[in-house]
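Chain and residue survey
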Amino acid sequence: MFLKKITLGLTCVASISLSVFALEENLVNEDYRADIIKGAFKYAWKGYSTFAYGHDELRPITNGTTDSRNGWGASIFDALDTMIIMGLEDDYLRALDHIKTVDWKQSLEPSKTFETNIRYLGGLLSAYDLKGDKILLDKAKELAENVIMPAFRTSNGIPSAYVDVELQPVGGEEIVLAEFGSLQLELVRLSQLTGDPKYEIVGNSILEKISKVPSRIPGLYPMIWNLDPFMPENTYITISGGSDSYYEYLLKTHILMEGKEELQLDMWKTAVGSMHRYLRSETHGGKVYLAEFEEHYKLLQSGELVCFMPGNLLLGARYLQNKKVEAFALELMNSCYDVWDTPTGLAPETWSWIDKSQNISFYSEKMQLTMSEAGFLSQDTGYDLRPETIESLFYFYRITGDKTYQDKAWKIFEAIEKYCKTTSGYTRIADVTNQEDVQPLNFEESYFFAETLKYLYLMFTDPSYISLDEYVFNTEAHPFKLSTPIQVQAKEFS
Ligand SMILES: *[C@@H]1O[C@H](CO)[C@@H](O)[C@H](O)[C@H]1NC(C)=O
Ligand SMILES: *[C@@H]1O[C@H](CO)[C@@H](O)[C@H](O)[C@H]1NC(C)=O
């Protein structure tokens, strides 16, 4: 596209060449950023391919390997659709060769139902949606039959946390909201693609069961549950890890099912109403975060994992044309982005703050200073190559058409380049507050390929490419094709 513009520019007369040049530069600039992000993927994939191919992850400092996801090659499954989207055909073909050889029954450890579902099943289904190679759907079906469906063979049909190599549900009675409560998107898509409704039925039956359990705060449920009898075990409510994708999937499953299931949307609306009413917390400096709840206390702490929520809220706001939810999404987006304003430009994993209803003079001088300067206090100072803020910036860019969100994402990418890059890939770091020594941690999550680099790349390609009108992304950033398009993307970008 920009090559055409350059040719056009060359034929221009001097008097208008300036404005053409500005336009041209803008276009060059966009392609240039997408290209650099593709370069980052290729760089990391080379390191993984050289030292860890077939293992779940590369250790990017020592060039060793880890197998934290059953050793089936999680990075390959997670990176598969990113390769397709970036047009990396050779890497894709090599990945297919690996995928053909994977035997789901071979594993040293039980399979974690949720992680296997979002990474392996999600990766296969989206690659199938994008490329149509039959082997992908065959493998997806095989995986569902061997590892996901057996999790539902419990006393009451609530999926177990793990499935062992004998295909028995294991993991005990303690289960986690995000893990049993967000399996629907993948199962629904599998039913749509195979024509067999059984996957969708078990997936959605979980939501029906949850909806019958009373909650102290309408629509918001504690993180830790008991499997049978099916009920929350304590009162700890968060939108962060352990709960996050449960809320995300209520909306997205409704969209993927073409709006046929009202229950999901009702549950999402109730949850969002309660987030606004009970969890929203504003600082004296005007930042807005989503707090947590335990017993009758509001806990003034949040984390990077919660930063997917502004994007999810904006998607729902535009889908439902709800201005109030849109305003809520925007204030959360701004505050999530502000948390990246650290010495390294990378967000801490978790932080805390003082609510404006509190008398700030009761706090230490240091805390008062921190609140007036940064607006939050870093707690866990690690950065795990996480994508959630970038993901929300992607929704904001695509849905509002405002290009300043691109610049924000680019700034984050530059910080990742500067502080997380190693000689063979990208690593987690332990301290985003210490420019001099970020303490690299020698671990490269497979979601870095699936989510972080994909959302970054799609911020700088043509917005009609993998449009939010045509795809819904699972929680691992694997896009599933919508049977009926929706209308959420901006018509103009400026
Ligand atoms: C890891 O591989 C890279 C690229 O080949 C190399 O530069 C680096 O020295 C290696 N590191 C170790 C610890 O072997
Ligand atoms: C906060 O507490 C201090 C010390 O008790 C008091 O002087 C001040 O008036 C309080 N401020 C507010 C806004 O209540």
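Residues numbered from 1 in each chain as written. Chains lettered and ligands numbered in written order. Predicted model: local features only at pLDDT ≥ 70, side-chain atom pairs only at ≥ 80, totals over all residues. Heavy atoms only, no water.

Here's the deal with the UniProt feature "binding site: Ca(2+)" (unreviewed entry) in the protein
- Under the feature "binding site: Ca(2+)" (unreviewed entry), the UniProt entry names Thr-475.
- Here Thr-475 is to be found in the loop between β16 (471–473) and β17 (479–481).
- Here Thr-475 falls in the buried class, since its relative accessible area comes to 16%.
- Those residues in contact with Thr-475 that sit more than four places away from it in its chain are Phe-114, Ile-118, Ser-245, Glu-248, Tyr-249 and Glu-451.
- Among the polar contacts listed, one links the side chain of Thr-475 to the side chain of Glu-248, at a separation of 2.8 Å. (UniProt positions renumbered as here; feature names shortened; annotations may be inferred. Helix = DSSP H or I, 4+ residues; strand = E, 2+ residues; numbered from the N terminus. Buried < 20%, exposed > 50% of the residue type's maximum accessible area, 1.4 Å probe, protein only. Contact = heavy atoms within 4.5 Å. Polar contact = N/O pair within 3.5 Å; in protein donor to acceptor, adjacent residues only side chain to side chain.)

Side note on the site of ligand 2
- Taken together, Asn-359, Ser-361 and Phe-362 make up all the residues around ligand 2.
- Residue Asn-359 places a side-chain N or O atom 2.2 Å away from an oxygen atom belonging to ligand 2.
- Within the contact set of ligand 2, an oxygen atom lies 3.2 Å away from a side-chain nitrogen or oxygen of Ser-361.
- Isolated, ligand 2 exposes 360 Å² of accessible area, and the fraction of that covered by the protein chains is 23%. (Near = heavy atom within 4 Å. Areas by Shrake-Rupley, 256 points an atom, 1.4 Å probe, with all protein chains shown as cover.)

Describing the sheet that holds strand β15 (residues 377–378)
- Across the sheet, which stays open at both edges, the 3 strands sit in the order β13-β14-β15 with antiparallel pairing between neighbours. If you trace the sheet from one side to the other, it starts and ends with β13 (301–303) and β15, each paired once.
- In this sheet, strand β14 (residues 350–352) lies alongside β13 in antiparallel orientation, the contact comprising 3 bridges. If you follow Gly-303 over to β14, its bridge partner there is Thr-350. (Pairing = 2+ DSSP bridges.)

Focus on the state of the cysteines
- All chains considered together, the criterion is met by 1 disulfide.
- A disulfide bridge connects Cys-307 with Cys-336, and the sulfur atoms are separated by 2.1 Å. Measuring handedness by torsion sign, the sulfur bridge of Cys-307 and Cys-336 sits at about -90° and is left-handed. Placement of Cys-307 in the loop between β13 and α12 (309–320) and of Cys-336 in helix α13 (residues 323–338) is noted, with a sequence separation of 29 residues between them. Each of the two residues, Cys-307 as well as Cys-336, counts as buried.
- Counting only cysteine sulfurs, Cys-307 is the nearest neighbor of Cys-420, a cysteine outside any disulfide, at a range of 16 Å.
- Look at Cys-420 and you get buried, because its relative accessible area is 0%. (Disulfide = S-S within 2.5 Å.)

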